[in-house]
Amino acid sequence: MDTVLVLLGAGLLEAMQPINLLMIFLGCTIGLLIGAMPGLGSVNGVAILLPITFLVPPTAAIIFLAAIYYGAMYGGAISSITLGIPGASTAVATVFDGRPLAQAGKADRALTAAAVASFIGGTISVVLFTLFAPPLAEFALKFGPPEEFALMVLAFATFIGLGGDDIPKTIFSILIGLVLATIGLDIISGKPRLIFGDISGFLHGINFLVLAIGIYGIGEMLWTLEQTQGKVTVHKVKMSFARLFRNLQDVRHYIGTTSLGSAVGYFVGTLPAAGATPASLMSYGLAKTFSRDPDSFGKGNIAGVAAPEAGNNAASTGSMLPMITLGIPGSPTTAILLGGMIIWGLRPGPLLFTEHPDFVWGLIGSLYIANLVTLLLNLAFIPVFVKVLTMPFTILAPVIFILCVVGGFAPTQTMHDVWLMFLFGVAGYFLRKLNYPVAPAVLAIVLGPLAERSLRQSLLASQGDPLIFVERPLSATCIAIAVLLACYPLVRKLRRRSA
Amino acid sequence: MTVRTAELVMGILTALASIGLMVKSAELNIGWIEGRGPGSGAWPFWLSLGMLLASVATLVRWFLRVTPESRSTESYMTRDTALAVGTSAAAIFFLLLATHFIGLYASLILFLLFYLKFIGRHSWRLTGILTIAIPVFIFCLFEWALKIPLPKEFTEPLFYPVYDLMYS
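Residues numbered from 1 in each chain as written. Chains lettered and ligands numbered in written order. Predicted model: local features only at pLDDT ≥ 70, side-chain atom pairs only at ≥ 80, totals over all residues. Heavy atoms only, no water.

Asks: Can you walk me through the overall build of chain A in this structure?
Replies: The secondary structure content of chain A amounts to 22 helices and two strands. The C-alpha radius of gyration computed for chain A amounts to 22 Å, which stays within 12% of the reference 23 Å derived for 499 residues, consistent with globular compactness. By principal-axis analysis of the C-alpha atoms, chain A measures approximately 70 × 60 × 50 Å. Across the 499 residues that make up chain A, the buried fraction comes to 62%. Taking contacts inside chain A between residues at least 6 apart in sequence as the whole, the part at least 24 apart equals 80%. (Helix = DSSP H or I, 4+ residues; strand = E, 2+ residues; numbered from the N terminus. Rg over C-alpha atoms; globule rule 2.2 N^0.38 Å. Buried < 20%, exposed > 50% of the residue type's maximum accessible area, 1.4 Å probe, protein only. Contact = heavy atoms within 4.5 Å.)

Right, dumping it as structure tokens:
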């Protein structure tokens, strides 16, 4: 425990370096803005802005992107409450009670509760993160290629078992992401693979950012254009010190349920397919279950705003736990962060703790600071963020499209990748309209090369015997859980039929 | 086209794409190479086969009308949606196409003019400010700060005075 406190102290000092503090402020502000805009969430912001992080050292870069992630979780509530449109799917549950409160002229009360609850969720989860990360990373050091592969199978199985989407479409999404990751030079034999039409641009493979920006930049904006047609109405927010002070007193009504929701949200966030959206819904459900007045939920109960916000913030920190300790992302946003770490020359996984402690503990330290910074920024500038929402969509959309184009060009500096990004964006839009989940594809393209390498190394070691995955206790456990998870929807269906 | 028809078309397209990927993977060794493990085509081949099976499952579910999409008789894309989404997609397409001929910055100016003035119907003043400010911001961020040169094609000589200022 003492060692953890010493390392955390060093991490906090690292996070307080001027460049890192600047990144925290910038990231939190950008995250709040991105989260507040309908249709845009942390994943869009992180995907679109990752290319510009080449400007700073890796620690500052991950701190910047993690701060965006954090800020966006706070910001999602702003549009849920004032527009009635969730800033991101993670803030869907915030609309249930946030919108009625805004319609009753209490938008400021709802926004304050959202900010304070996000802070509670963030604080509880970052403490849990600090406690769980080092032992998990130490445990993961025992993993060899079979365990690594089994862990990735487990990550993909959670999408099938817990994702809640159409199963064949989810499987298709995972597999196409993995196939796209194989394009280019084979990592073991060095032979070119799947080079369509002998186009040389495919030789360097498909950078995960090309798919991520295509889907979460171009595809998402086209989707938002369809959903909103650019027409939204903003509820006005009146804010003053007196009102803020009065609103802060509401905390006694929701501190208990938000704390519980935060802990649950954290653990839900660590599961790859679950993430912040189900965490916020579960937290909302818990608050309603334990409420003395459950009937008031959905009609403007302040605890109904606080609970999902605490849950989604806690889950966002939770999703970083498997990313940092195991090299398995817990959400689409952390999948992109993980890809970024590979670009910066780091190998995500347990060795990060021993090889780059300043990076890991700097990130953990920054989470504590970012949590406080986002709370203060949020409370101080709520009217400014609300004002930004009045920006016409016809200004926001071209800016995002342009950032996508230059962001798609930056990693490899070829127009080939920009065209691919555009194609992925359009294809992602059409697939999404038919309920094909796109997040598994992004996770798969990031994990694809690691999964293939560990599979081939394992098979080579066992002379082609696939039983290697069930003969070793750790990998056998992961595979068993993966099989159970993959079969879970079938069991659920059979139980429903028999009932 | 109804959502149900679109589901069928997409199922067929994904199945065909999977077969294409299987054929392409099979051009490499998909078997076991002694001392080197699985051939380089094995992993993508089996993944593509999985994609094909998932696509067939979607088509079977379409036939049995299991999913909401396979039952929906709603329009896949209304006229308004096609116009809103299609115009933006076409604008990006021409932005990329024009970049090959006149470079990115000149294309950005045309793209912004079109988007802000003709789609957004903003004032000439706002359109003018943003049409200049956004490419300047992109130039400063990418070329000056990140040192990533963006494509300029035949407009490159126009940037020589700026390069002189940047690197002097």
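Back to the text.
Asks: Just checking my understanding: could you explain the interface of chain B and chain A for this structure?
Replies: Interfaces are often sized by the accessible area lost when the parts come together. Counting residues at the interface gives 68 residues for chain B and 61 residues for chain A. Buried surface at the junction of chain B and chain A, both sides included, amounts to about 5600 Å², of which 80% is carbon and sulfur. The largest share of the area that chain B buries against chain A comes from Trp 43, Tyr 76 and Leu 96 of chain B, three residues that together contribute 13% of it. Scanning the region where chain B abuts chain A turns up three salt bridges. (Buried area = accessible area lost by both parts, 1.4 Å probe. Salt bridge = Lys/Arg side-chain N within 4 Å of Asp/Glu carboxyl O.)

Asks: Quick question: what am I supposed to make of the packing of aromatic side chains here?
Replies: Any pair of aromatic rings gets described here by the distance separating the centres and the angle formed by the planes. Under the defined criterion, the tally for this structure stands at 27 aromatic pairs over all chains. Taking 5.7 Å as the distance between ring centres and 90° as the angle between the ring planes, the aromatic pair formed by Phe 132 of chain A and Phe 267 of chain A counts as edge-to-face. Separated by 135 residues along the polypeptide, Phe 132 of chain A in helix H6 (residues 107–140) and Phe 267 of chain A in helix H11 (residues 251–269) bring together distant segments of the chain. Relative accessible area serves as the criterion here: at 38%, Phe 132 of chain A is assigned to the partly exposed category. Under the relative-accessibility criterion, Phe 267 of chain A is labelled partly exposed at 41%. Aromatic ring contacts, followed pair by pair, group Tyr 105, Phe 139, Phe 159, Tyr 160 and Tyr 163 of chain B into a single cluster. The ring centre of Tyr 76 of chain B lies 5.1 Å from the NZ or CZ of Lys 433 of chain A, which sits over that ring. The side chain of Lys 152 of chain B reaches across the aromatic face of Phe 159 of chain B, ending 5.4 Å from its centre. (Phe/Tyr/Trp six-rings, centres within 6.5 Å; stacked < 30°, edge-to-face > 60°. Lys NZ or Arg CZ within 6 Å of the ring centre and 35° of its normal.)

Asks: Please clarify how the pattern of salt bridges should be interpreted in this entry.
Replies: When the charged atoms of two side chains with opposite charge come close together, those side chains can pair. Residues and elements named next belong to chain A. Using the criterion set out here, one finds 13 salt bridges over all chains in the structure. Where Asp 186 meets Arg 193, a salt bridge forms, and the shortest distance between an N and an O atom there is 3.8 Å. One exposure class covers both Asp 186 and Arg 193, and it is buried. Salt-bridge contacts for Arg 432 lead to Glu 220; the nearest nitrogen and oxygen are separated by 2.9 Å. With a gap of 212 residues between them, Arg 432 in helix H19 (residues 415–433) and Glu 220 in helix H9 (residues 208–228) connect regions that are remote in the sequence. A relative accessible area of 29% means that Arg 432 is categorised as partly exposed. Look at the salt bridges and you will find they share partners, linking Asp 186, Arg 193, Glu 452 and Arg 456 into a network.

Spatial relationships are all this shows, so hold off on functional conclusions.
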